[in-house]
Amino acid sequence: MTDTLTDTLTDTEVLNHWINGANHEGSSTRTAPVYNPARGIVAKQVRLASTADVDAAVASALAAFPVWRETSQAKRQTIMYNFRELLNARKGELADILTAEHGKVTADALGEIARGIEVVEFALGMPHLAKGEFSENVSTGVDVYTLRQPLGVVGIISPFNFPAMVPMWFYPIAIAAGNTVVLKPSEKDPSAANWMAELMMEAGLPAGVFNVIHGDKEAVDALLVHPDVQSISFVGSTPIAKYIFETASSHGKRVQALGGAKNHMLVLPDADLDLTADAAVNAGFGSAGERCMAISVVLAVEPVADDLIAKIAERMKGLRVGDGMRGCDMGPLITEAHRDKVASYIDLATTDGADVVVDGRGVEVDGEASGFWLGPTLFDKVSTESAVYQDEIFGPVLSVVRVESYEEGLDIINRGRYGNGTAIFTNDGGAGRRFQHEVQVGMVGINVPIPVPVAYHSFGGWKESAFGDAKAYGPAGIAFFTREKAVTSRWLDPSHGGINLGFPQSH
Ligand code: NAD
């Protein structure tokens, strides 16, 4: 700890930046509290970087780039493989960090890590995935081929709700492709980033290839305009995603910026209502609704609403809310302020004429009373004009909107400002196919409530859920983290002589 830090911090653990393969205190004296949300206490402080600290992280990544870029694909692959093995062996440690700082229950934390490991496994295929193309004899004795080369230093800025998985959507692909990384994780649950960066070094990654800088707007802004940062991968709320896209693009960077969401589940009258109710509860309340692919609106096509709501409410009674370490179903919200904001929608729903079927306030919890608790909450007869419908609430709140037809439900989804994920529940194959064709949303589930694509497809929403056209991971991830170069080559012989000022043509 530096002697410039305030006295109040001296008896609290302070999480450092990770720069050039070592803990780095940086020059800033600013810090932010990191809570244990199940206990409602400040567990540690995290440093908030100054612009100079960001410069140090970028300088470390820039210095590591030439050697890492020249490292053979086989060696890079071995390191990624070692990382995958270490991660599998020690994922329990990482899950404990996620539960302690985010609050999600252990099973959910392990699920998040498993989806991240998928991307590591995808990135293991980099020598094949980043292969170029070759065309022989495009003109007499002339060949054309393409190469995919790394960009250089890439910046990643991630949200609080997936402290392991979202960074893993990007850094395994970026690093396997030969780039060097500066990751700025959420300051609300920052420790997972350091843990992963350290594990990468244990796997054999050279110092400086993977750096972690902690901070808030100051650190983000420094990354967005830094001349040595070639690209920005951002995931977070829509207003910030838009800002990131505009700022980084105007500084000449390649940008992918994924934003917020409000995901609908359209339930047709022929759906199996028991399976649909299971799916709605799992997708609405898993991770306390703090998922960008959570279902937050059920569009019930009449006459199913009464039956469906009864089945959902019945299942909600069985959910155990509490400390994620104790084998509960649902944990706390990330901060007290966020819990209070989410809870405020319960009063708003009543004011706006909705029925509060289940009120999550005052829920009985298996955990300390000081935790940031809010139980699963269900609203019926929600108006699409209400803020409860319009806003991304990002908590354990499920709204039912009653509609008269498939067409009315589809129209509501298509008029929404977000287009991240959606699902239809039906036993009618034709309706499912029609929905996939007509819905204006980037990721669609047919009887699958959280349709997050596997690692070898790409993830990304439409409309205000994503800015720029670059999706995360999968083939889009390979394209994003590499730059294509086309080479036209010939080995000269006497037949190539002579003067010709015309534009080159094949012959
Ligand atoms: P957030 O936008 O508040 O923060 C995301 C990142 O931006 C953090 O690293 C944060 O430090 C930084 N940041 C915050 N305010 C900033 C500012 N004014 N200027 C510059 N940087 C700033 O999001 P969050 O609350 O951490 O995460 C939840 C949001 O992320 C939800 O809206 C959710 O839908 C979205 N999300 C989207 C996806 C997706 O794939 N589309 C995935 C996960 C989360």
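Computed from a prediction, not measured in an experiment: that's the story for all the values here. (Residues numbered from 1 in each chain as written. Predicted model: local features only at pLDDT ≥ 70, side-chain atom pairs only at ≥ 80, totals over all residues. Heavy atoms only, no water.)

1. Let's talk about the domain arrangement of the protein chain
Note: interface size is frequently given as the accessible area lost on complex formation between the parts. Quick note on the threshold: Residue ranges assigned to the domains are those given by an automatic or database domain assignment. Working rule for contacts: check all heavy atoms of both residues, and any pair within 4.5 Å makes them a contact. Buried area is understood as the total, over both parts, of accessible area removed when two parts are fitted together, assessed with a 1.4 Å probe.
For the protein chain, the domain assignment lists domain 1 (14-259 + 465-486) and domain 2 (263-446). Put simply, the middle of domain 1 and the middle of domain 2, counted by C-alpha atoms, are 31 Å apart. Across the contact, 23 residues belong to domain 1 and 26 residues belong to domain 2. Approximately 2000 Å² of surface area, both sides summed, lies buried where domain 1 meets domain 2, with 59% of it carried by carbon and sulfur atoms.

2. Considerations on the site of the ligand
Put simply, the test is: In this text, near means that some heavy atom of the residue lies within 4 Å of the molecule or strand in question. Polar contacts, as used here, are pairs of N or O atoms within 3.5 Å; protein pairs need one atom able to donate a hydrogen and one able to accept it. Residues neighboring in sequence count only if both atoms are side-chain atoms.
Near the ligand lie 27 residues; those nearest to it are Lys184, Glu187, Ser237, Gly259 and Glu392. Phenylalanine 160 has a polar backbone atom sitting 3.0 Å from an oxygen atom of the ligand. Contacts to the ligand include lysine 184, whose side-chain N or O atom sits 2.7 Å from an oxygen atom. Here the shell around the ligand gathers at least three residues from each of two domains, domain 1 (14-259 + 465-486) and domain 2 (263-446).

3. Section: the confidence of the model for the protein chain
Which entries qualify depends on this criterion: One number per residue, pLDDT, summarises how confident the predictor is, and it ranges from 0 to 100.
Mean pLDDT over the protein chain: 96, with 98% of residues reaching 70 or higher. Here residues 1-10 is a poorly scored stretch, pLDDT under 50, and it has 16 contacts once near neighbours within four places are set aside; other chains count.

4. Side note on the sheet that holds strand β6 (residues 134-139)
The condition is simple: Here a strand pair is declared whenever DSSP counts at least two bridges between the two strands. For helices the rule is a DSSP run of H or I covering at least 4 residues; for strands it is a run of E covering at least 2, with both sets numbered from the N terminus onward. Comment: axis = line fitted to C-alpha atoms, over the contacting stretch for helices; angle = value between 0 and 180 degrees taken between N-to-C directions.
Read from one edge to the other, the open sheet built from 3 strands follows the order β6-β7-β25, with strand pairing classed as antiparallel. Each having just a single partner strand, β6 and β25 (482-490) make up the two edges of the open sheet. Geometrically, the sheet is characterised by an average inter-axis angle of 30° between neighbouring strands, direction not taken into account. As judged from the 3 bridges shared by β6 and strand β7 (residues 142-150), these two strands associate in the antiparallel manner. Note on β7: the bridge partner recorded for serine 139 is valine 142.

5. Brief notes about unusual backbone geometry
Rules: With a 1.4 Å probe rolled over the protein chains alone, any residue whose accessible area is under 20% of its type maximum counts as buried; one over 50% counts as exposed, and the rest are partly exposed.
A cis geometry characterises the amide bond from glutamate 302 onward to proline 303, with omega recorded as 20°. By the element assignment, proline 303 lies in the loop between β14 (295-301) and α10 (305-317). Unlike most non-glycine residues, lysine 381 shows phi in positive territory, near 55°. One can find lysine 381 in the loop between β18 (377-380) and α12 (387-390). Among the residues examined, lysine 381 registers a relative accessible area of 44% and is labelled partly exposed. Phi is positive for phenylalanine 394, close to 60°, though the residue is something other than glycine. Owing to a relative accessible area of 16%, phenylalanine 394 belongs among the buried residues under this scheme.

6. Some details on the packing of helix α7 (residues 217-225) against helix α8 (residues 238-250)
Rules: Two helices cross in a left-handed way if the nearer one is turned anticlockwise from the farther one by less than a right angle. They cross in a right-handed way if the turn is clockwise. Three classes are used: nonpolar for Ala, Val, Leu, Ile, Met, Phe, Trp, Tyr, Cys and Pro, charged for Asp, Glu, Lys and Arg, and polar for all others, with Gly counted as polar.
With their axes 8 Å apart at the nearest point, α7 and α8 run at an angle of 35° to one another. The way α7 lies across α8 gives a crossing that is right-handed. On α8, the residues that touch Lys217, Val220, Asp221, Leu224 and Val225 of α7 are Tyr243, Ile244, Thr247 and Ala248. Looking at the contact of α7 with α8, its residues break down into 6 nonpolar, 1 polar and 2 charged.

7. Quick look at the pairing of strand β11 (residues 229-235)
Among the 7 residues in β11, 6 count as buried, and that is most of the element. The pairing of strand β8 (residues 153-157) with β11 spans 5 bridges and is parallel. Note that in β11 the partner of valine 154 across the bridge is serine 231.

8. Some words on the environment of glutamate 136
Tracing the chain through its elements places glutamate 136 in strand β6. Exposure remark for glutamate 136: the relative accessible area of 65% places this residue in the exposed category. Note: C-alpha distance between glutamate 136 and serine 489 (353 residues apart in sequence) is 9.8 Å. Excluding its chain neighbours within four sequence positions, the residues that come into contact with glutamate 136 are Val142 and Asp143.

9. A short note on the packing of helix α13 (residues 406-415) against helix α14 (residues 429-438)
To keep things clear, this is the line we draw: Relative orientations are named as follows: roughly parallel for angles under 35 degrees, roughly antiparallel for angles over 145 degrees, roughly perpendicular for angles from 65 to 115 degrees, and oblique for any other angle.
Closest axis-to-axis distance for the α13/α14 pair is 11 Å, and the angle between their directions is 25°. Relative to α14, α13 is oriented roughly parallel. For the pair α13 and α14, the crossing hand works out as right-handed. Contact residues: Tyr406, Glu407, Leu410, Ile413 and Asn414 in α13; Ala431, Arg434, Phe435 and Glu438 in α14. Taken together, the residues that form the contact of α13 with α14 break down as 5 nonpolar, 1 polar and 3 charged.

10. A look at the pattern of salt bridges
Rules: Here, a salt bridge means any side-chain nitrogen of Lys or Arg that lies within 4 Å of a carboxyl oxygen of Asp or Glu.
Evaluated as defined, the whole model comprises 35 salt bridges. Across the salt bridge formed by lysine 311 and aspartate 274, the nearest N and O atoms sit 3.2 Å from each other. Of the two residues, lysine 311 is situated in helix α10 and aspartate 274 in helix α9 (residues 273-285); the sequence distance between them amounts to 37 residues. If you follow the salt bridges from partner to partner, you end up with Asp274, Asp278, Lys311 and Arg315 in one network.

11. Re α10
At 3.6 residues per turn, the α-helix brings residues three or four places apart onto the same side. Operational definition: A helix is expected to reach a length of 1.5 Å times the quantity of its residues less one. Of all possible arcs, the one meant is that of the directions from the helix axis to the C-beta atoms.
End to end, α10 covers 18 Å across 13 residues, agreeing with the expected 18 Å (1.5 Å per residue, within 8%). When α10 is considered as a whole, its buried residues turn out to be Ala305, Leu308, Ile309, Ile312, Ala313 and Met316. Along the long axis of α10, the arc covered by the buried residues comes to 130°, so they all point the same way. Seen from the open side of α10, the exposed residues pointing more than 90 degrees away from its buried face are Asp306 and Lys317. In the core, the buried residues of α10 are packed alongside β13 (263-267), α9, β14, β16 (355-358), β18 and β19 (397-403).

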